[in-house]
Amino acid sequence: MKAKFEPLILAFCCNYCPSCAADLAESAKLQYPPNIRIIKVPCIGAVGTIHILKALENGADGVCLMGCLEGNCEYLTGNFRAGKRVQYVKKLLGKLSIEKERLEIYNLSAAEAHRFCEIAGEVTETVRSLGPIPLKIDNSKI
Amino acid sequence: MFSKVGSILVVGGGIAGIQACLDLADSGYFVYLVEKSAFIGGKIAQLDKTYPVNDCPFCIRYNEHMECASHTNIEILTLSEVRDIKGSSGNFEVTIAQHPGYVDIEKCTVCGLCAERCPEEVNDEFNEGLGKRKAIYLEYPKAVPNGYVIDRKNCLHFTKEGCNICLEVCNEKAIDFDKNEKDITLNVGSVILATGFDSVVPSYCEYIKFPNVITGMEFERIMSLNGPCGGHLIRPSDRKEPKNIAWLQCIGSRDIKHNYCSTVCCMYAVKQAILAKKHNKILNTSIFFMDMRVCGKDYERYYNRAKDEDDVRFVRSRVHNVFPVDGTDDLLIRYADERGKISEEIYDMVVLSLGLEPSQDAVKLARGLGISLDKNNFVETSSFAPVNTSVPGVYACGAFNAPKDISESITEASAAACASSLNMAASGAALHDPLEETGQKPVPAGLVVGGGVTGMVSCLCLADQGYRAYLIEKTDKLGGHALKLRKTFKGEDVSSYVKELINKVENHHLIDVCLNSEVKNTDGYAGNFSTRVAISSSTETKNIKHGVTIMSTGADFLRTSEYLYGKNPNVLSWFQLDKMLSEEPNTIKNANAWVFILCVGSREPERPYCSKICCSSALRNALELKKLNPDMEIYVLYRDMRTYGLIEDLYTDARDKGIVFIRYKLDGKPEVDEDQDGRLKVRILDNLLGEHIIIQPDFITLQTAIVPGNHESLAKLFKLPLDQDGFFREAHKKFKPVEFSAKGIYLAGLVHCPKPIDETISQAQAAAVKAVTVLSKEYIATSNEVASIDLKLCVACLTCARICSYDAIVINGMGKPYVEPAKCRGCGICVVECPTKAIILEHFKNDPILRSVDEAFLEPFTEYVQ
Amino acid sequence: MIVGQQKDFDEIKKMITGYNRLLVLGCQTCVAISFAGGMREVEILASMIRMDRKMAGQDVEIVEEAILRQCDFEFLDSVKDLVADCDVVLSLACGVGVQAMAERYPDKVILPGLNTTFMGLTEEMGVWSERCAGCGDCILDRTGGLCPIARCSKGLLNGPCGGSVNGKCEISPDVDCVWQLIIDRLKALNQLEKLEEIFPVKDWSVSGHGGTRKIIREDLTA
């Protein structure tokens, strides 16, 4: 019997607002899918193309980036650069015939613990509906 | 216990106390922070969100709480009360009683087992009694100091003898019931009172006993994610979601016993209504108010947003009573509108915007010290020394001086830190050892741009602490717009203050005044700036080296053409009236009627902000005219009477003296005409009568808006952001009011937003103390979180230099990039862009992001494997 | 500097079909600066190839490396062992580097991962444009420092042609007419008279039309 597919999602969270939101969600015991693994980064702009690709290559079914609100980047341009980078990586995924929807970037403020959970749910659902990343399917055949 | 020369005592561990501690500790002083409760942080930890940014205040301040706890120059004494203060400025002897918490914080690992097993459940003050906690407790998960305490009043070990459950379950053996209260004696040079406020529950407010009538703070806890309802907006009686909520303003404010405005309630009610709507989109929210007093930066916008976008209903009425609706938990509100029509409405829940009053313990302490308090027990201060009490060496900040919000309390806290460090410098106190750092020394000088009151105060603060100050003023004299002002709202003489200030500045051996001067360019970083200044009278430019920069270029006033201004000589601006009152009172003395028009150019679609000082300036001048000629008929045409805080006195006084107030709306502005002889006629709709009335005044005074100066070129030069109104944009609207996100540059005064002179002065002092935290360091502080470039791999492609937001990477004479450590903020953006992977962050070696990406998948996801 | 652009992934995929041990070798000079062949791009491309192979259920082993310059034989020796261990080298250098590798390692298949696009400069972060065609006979002294050979779509020496409209080239409104720029600049420099002289027919023999070019400096040779 095949188990119900539970996607594995890696979330890069900027150490400023989004990580606060995540901590707040945790301290308030808000529920969000356990599918999300969080990696805190000094700024969302510090997440490179290679980090996103490696996450997928290593077994993530989806990757999401969470940065501060537009205009609120502690380092002025980090969230803007990350936004452009995500668009670029989506193109690379297209070349690999991997669904672009597996990668997304969000902007949220420190207080938005609910939004954090909402995003976590949203991403999990999107990726769940896409099924396992094609990288894994072949492994399971073997 | 040890004591140190050069120590300062801060009483109160709320947001103001913490800020004062950090500023002083960073300036090199040793600080004792005495806090009555078991944890620092005060009331902000209880707030769900803050206006006007809707941020979580605790999340943002958590770092400061941690810093306060770990700073080597700060000693926190929680569960402590000041018993007595003896001595005088420079040498106070303070006796403190410290109560035991019975848990050794060093040992406590916050595992929570003790609280889990503790049998005694009590009302949780942190949740305003809406939830329960145990007798051994931690206020909230990240409370600082982070360790459990035992509440002796409720602990069964003490009340019923014998309960030792927590003692037995604690694996760390952190609990010790044998601890006793101890007395601590400290010698300090200065004292800062940052004792905050208590909420007023007025005696007439009997309806507060109904379960669904709650206080503003209770509402914060209900909405808060870590509150008793887990962030679900429900009402206390039946835990049902309310469908409509009413906010009642001015409960315990603006009444006979508390004849002042609590300043913060309008904004917090607006905030709560906006946030409540986020919880439940179809919720009906009504705010019952008298005047909407939203005078701070971006507050008016927030209010407009509530009205226009969030559909919050505003009802101009003071509600006198709330009745229970039989058979339900609902509440009936009966109110009269402006025309006197009585209406009744039923609400599921009523939130009371309770007023603020000084904390009772603080009043007792202040009285003991001989500090003058006003009739409402706020500390009596001068507008020109807003944080100085009547006792030398003792300073007060925050809500003990007057009701005020977070950003103003923070500003005042920094101002109090500035004033007390000036006092310490004057009494020759030795600084505590600076923290161990290495590197380059900061240039011991500050550049202050703008020679108004703000700039001059900042200069004096720097110079009196031994730093050189360069004051750059573009006109040919110091003083700025304050030269046009006559009196403060308290009646103090501004002109003599400004004269004295100019005199002090011009004669200070450490202050260089550059008149007719302009900044041409500037470069560098905190601790080491270099700025070129051009003096219009000469072709030469002056190169100034300085460690910090303070922007205090002030603002301007609106040149209006409304209401016949500039056409009819009897239509005056407020400063023309100021001038006439001081120079030629006889020419206006015999006027029969006078009209003041408020909000000229302010709070309009093109300028959606309040100029803050106009209401008080109009009332003070109106009262002065009334004194000159008690028979003069005076009409004040206003939109909301914004006599916030202690200025309310002026409003009461004006009404007592028979000054007539007529409210107008933006779409029904007064119409001003003149006949052939130039006689003025004002036509306005009187809202009380519902009819137009006509006034024929001899003079009209316009309270014209304050508009930002022409800052664009300056902003570009210093790479500083402007806000949408054209004022400078500070680092954080709530918590960093005098800082920019760039280090070493600060702002103060009207460059920030319109404000009266006392707030301007406290900002000037606050900016100066921030500056001193940079200048007082033995070495320029650099973080270890800086980028470093492996020159073996670098091909000098310039990507890093191009991409850095802080210009921290420059190409040196060798054609290679060089990271300026004091400018680098360690964001890591250059690291991922470098095409040859030549850059690493020092604390981030071997790409920990990549490592975490790898490690994230090491643990198998067992929960998914069947 | 030489500006390159990575080949389309499909093309690279086709090229490496059948090879299971790859050395993806970057070049850390010109093409690194144009974000086509530095270590950063090596890692990204290697990761993509691995994923692609994994999806196809095929094995692949990739070694990622980059050297300072692939256009100097001396630098190429440092990867001798890596080259020996792989089936094929996917070089992310310009055409010069790829050929240098092929010459140095005659037994190994060396594949180009880039198209060597032009000689040019970084206009701003992420934008590169052509400036020089390497014609072997520089005329910038006469054209105000702007090269019509590299930058005029027709390579005209006596421009502009009739296709110059409002300062733009007829091939696209996004392309400046370099002859317009030349005229503007000479006017500003007060040297417009330079254009009165007609360019004679250019000697294209030195531009490669006369066969592969080579420079020999006797004073420097061994």
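Only a predicted model underlies this, so the values are computations on that prediction, with no experimental measurement involved.

### As for the domain arrangement of chain B
Residues and elements named next belong to chain B.
- Each assigned domain of chain B is listed here: domain 1 (1–99 + 181–196 + 357–433), domain 2 (101–179), domain 3 (200–355), domain 4 (445–554 + 709–775), domain 5 (558–705) and domain 6 (787–863).
- Centre-to-centre separation of domain 2 and domain 3, based on C-alpha positions: 35 Å.
- Each partner contributes residues to the interface: domain 2 has 5 residues there, and domain 3 has 8 residues.
- Interface of domain 2 and domain 3: buried area, both sides summed, is about 580 Å²; carbon and sulfur atoms make up 66% of it.
- Three residues stand out in domain 2 for area buried against domain 3, namely Asn127, Glu128 and Leu130, and they jointly supply 77% of the buried area on that side.

### Examining the packing of aromatic side chains
- Scanning the entire structure with this criterion turns up 27 aromatic pairs over all chains.
- Ring centres of Tyr32 of chain A and Phe116 of chain A lie 5.1 Å apart, and the angle between their planes is 90 degrees; on these two criteria the pair is classed as edge-to-face. Here Phe116 of chain A lies in helix α4 (residues 113–130) and Tyr32 of chain A lies in the loop between α1 (17–27) and β2 (36–41), a separation of 84 residues in the sequence.
- When its relative accessible area of 23% is taken as the criterion, Tyr32 of chain A is described as partly exposed.
- Between the aromatic rings of Phe288 of chain B and Tyr347 of chain B, the centroid separation amounts to 6.1 Å while the plane-to-plane angle is 85 degrees, which identifies the pairing as edge-to-face. Within this pair, whereas Phe288 of chain B is found in strand β15 (residues 284–289), its partner Tyr347 of chain B is found in strand β19 (residues 342–347), the two being separated by 59 residues in sequence. In this pair, the class of Phe288 of chain B matches that of Tyr347 of chain B, namely buried.
- Seen from the ring of Tyr62 of chain B, Lys142 of chain B lies directly overhead, with NZ or CZ sitting 5.1 Å from the centre.
- Between Lys612 of chain B and the ring centre of Tyr644 of chain B, over which it is positioned, the NZ or CZ distance is 5.1 Å.

### Examining the interface of chain A and chain B
- Contacts between the two partners involve 42 residues from chain A, matched on the other side by 36 residues from chain B.
- Interface area for chain A against chain B, summed over the two sides, is near 3300 Å², with a carbon-plus-sulfur share of 65%.
- For chain A, the biggest contributors to the area lost against chain B are Arg37, His51 and Tyr75 of chain A; these three give 18% of the whole.
- Between the two partners, chain A and chain B, sit 3 salt bridges.
- One salt bridge connects Glu833 of chain B with Arg81 of chain A, and the closest N-O pair in it is separated by 3.5 Å.
- The interface formed by chain A and chain B contains 3 residue pairs in polar contact (both at pLDDT 80 or more).
- Going through the elements one at a time, β1 (9–14), α1, β2, α2 (49–57), α3 (78–95) and α4 of chain A are the ones with two or more residues in the side of chain A that touches chain B.

### A short note on the sheet that holds strand β23 (residues 445–449) of chain B
Residue and element names in this part refer to chain B.
- If you walk across this open sheet you meet the 5 strands as β25-β24-β23-β29-β40, and the pairing is parallel. One side of each edge strand has no neighbouring strand; the edge strands of this open sheet are β25 (511–514) and β40 (745–747). Each neighbouring strand pair of the sheet contributes to a mean axis angle of 20 degrees, computed without reference to strand direction.
- Judged from the 3 bridges that link them, strand β29 (residues 548–551) and β40 form a sheet pairing that is parallel. What sits directly across from Thr549, in β40, is Ile745.

### Concerning the pairing of strand β35 (residues 671–674) of chain B
Residues and elements named next belong to chain B.
- With 4 bridges connecting them, β35 and strand β36 (residues 680–686) associate as antiparallel partners. Bridge pairing links Val672 to Val682 in β36.
- Linking β35 to β36, which pair antiparallel, is a turn of 5 residues; within it Gly678 sits at a positive phi near 85 degrees.

### Focus: the interface of chain B and chain C
- At the interface, 12 residues of chain B touch 12 residues of chain C.
- Summed over both sides, the interface between chain B and chain C buries roughly 1000 Å², with carbon and sulfur atoms accounting for 61% of that surface.
- Area buried by chain B at its contact with chain C is led by Arg802, Pro835 and Lys837 of chain B, which between them contribute 43% of it.
- Taken together, the connections running from chain B to chain C amount to 2 salt bridges.
- Of the charged contacts in the structure, one is a salt bridge between Glu833 of chain B and Arg40 of chain C, with a shortest N-O distance of 2.6 Å.
- Linking chain B with chain C are 6 residue pairs in polar contact (both at pLDDT 80 or more).
- Those elements that place two or more of their residues in the side of chain B that touches chain C are α19 (799–803) and α20 (829–833) of chain B.
- Here the side of chain B that touches chain C takes 3 residues from α19 of chain B, the largest share from any one element.

### Looking at the sheet that holds strand β33 (residues 633–638) of chain B
Residues and elements named next belong to chain B.
- One open sheet accounts for 5 strands, arranged β31-β38-β32-β33-β34; its pairing is parallel. Strands at the two margins of the open sheet, each flanked by one partner only, are β31 (571–573) and β34 (660–663). Strand-to-strand, the axes of this sheet are offset by a mean angle of 25 degrees, without reference to chain direction.
- Alignment of strand β32 (residues 593–600) against strand β38 (residues 699–704), held across 5 bridges, turns out to be parallel. Its bridge partner lying in β38, Val595 is registered against Ile700.

### Here's the deal with the pattern of salt bridges
- Counted under the stated rule, the structure contains 74 salt bridges over all chains.
- Across the pair Lys90 of chain A and Glu104 of chain A runs a salt bridge, and its minimum N-O distance is 3.2 Å. Here Lys90 of chain A, found in helix α3, pairs with Glu104 of chain A, found in strand β4 (residues 103–107); they are 14 residues apart in sequence, far enough to count as distant.
- By relative accessible area, which is 27% here, Glu104 of chain A ends up partly exposed.
- Taking the shortest distance from any N to any O, the salt bridge between Arg40 of chain C and Glu41 of chain C comes out at 2.8 Å.
- We classify Arg40 of chain C as buried; its relative accessible area is 11%.
- If you follow the salt bridges from partner to partner, you end up with Arg254, Asp291, Arg293, Glu300, Arg316, Arg603, Asp640, Arg642 and Glu648 of chain B in one network.

### Considering the environment of Arg50 of chain C
- Structurally, the position occupied by Arg50 of chain C is in helix α3 (residues 39–55).
- Residue class for Arg50 of chain C comes out buried when judged on its relative accessible area of 18%.
- In sequence terms Arg50 of chain C and Glu61 of chain C are 11 residues apart; their C-alpha atoms lie 7.9 Å from each other.
- Here Arg50 of chain C is in contact with Lys54 and Glu57 of chain A together with Val60, Ile62 and Glu64 of chain C, once residues within four sequence places are set aside.

What counts, and at which threshold
Residue numbers restart at each chain and count upward from 1, following the sequence in its written direction. Written order decides the labels, with chains lettered from A and ligands numbered from 1. With the structure being a predicted model, the display of local features is reserved for residues of pLDDT at least 70 and the display and counting of side-chain atom pairs for 80 or more, all residues being used for whole-chain, interface and lining totals. Calculated side-chain values reflect all of the structure's heavy atoms, with hydrogen atoms and water omitted. Domain boundaries shown here were taken from an automatic or database domain assignment. Two residues qualify as a contact provided that any one of their heavy atoms is within 4.5 Å of a heavy atom in the partner residue. By buried area we mean the combined loss of accessible area, with a 1.4 Å probe, across both parts when two parts are placed together. Here the aromatic set is Phe, Tyr and Trp, taking the six-membered ring for Trp, and pairing holds for ring centres within 6.5 Å; pairs whose planes are under 30 degrees apart are stacked, those over 60 apart are edge-to-face, and all others are tilted. Secondary structure counts use DSSP, requiring at least four H or I residues in a row for a helix and at least two E residues in a row for a strand, with both numbered from the N terminus. Three exposure classes are used, based on accessible area relative to the maximum for each residue type with a 1.4 Å probe and protein chains only: buried under 20%, partly exposed in between, and exposed over 50%. As a reminder, the over-ring test applies to NZ of lysine and CZ of arginine, requiring each to be within 6 Å of the ring centre and within 35 degrees of the ring normal. Salt bridges are identified by distance alone: a Lys or Arg side-chain nitrogen within 4 Å of an Asp or Glu carboxyl oxygen. Polar contact is defined as a pair of N or O atoms within 3.5 Å, subject to the rule that within protein one atom must be able to donate a hydrogen and the other to accept it, and that residues adjacent in sequence are counted only when both atoms are side-chain atoms. Note: two strands are recorded as paired if DSSP finds a minimum of 2 bridges between them. Only the stretch in contact is used when a helix axis is fitted, and all axes are lines through C-alpha atoms; the angle between N-to-C directions ranges over 0 to 180 degrees.

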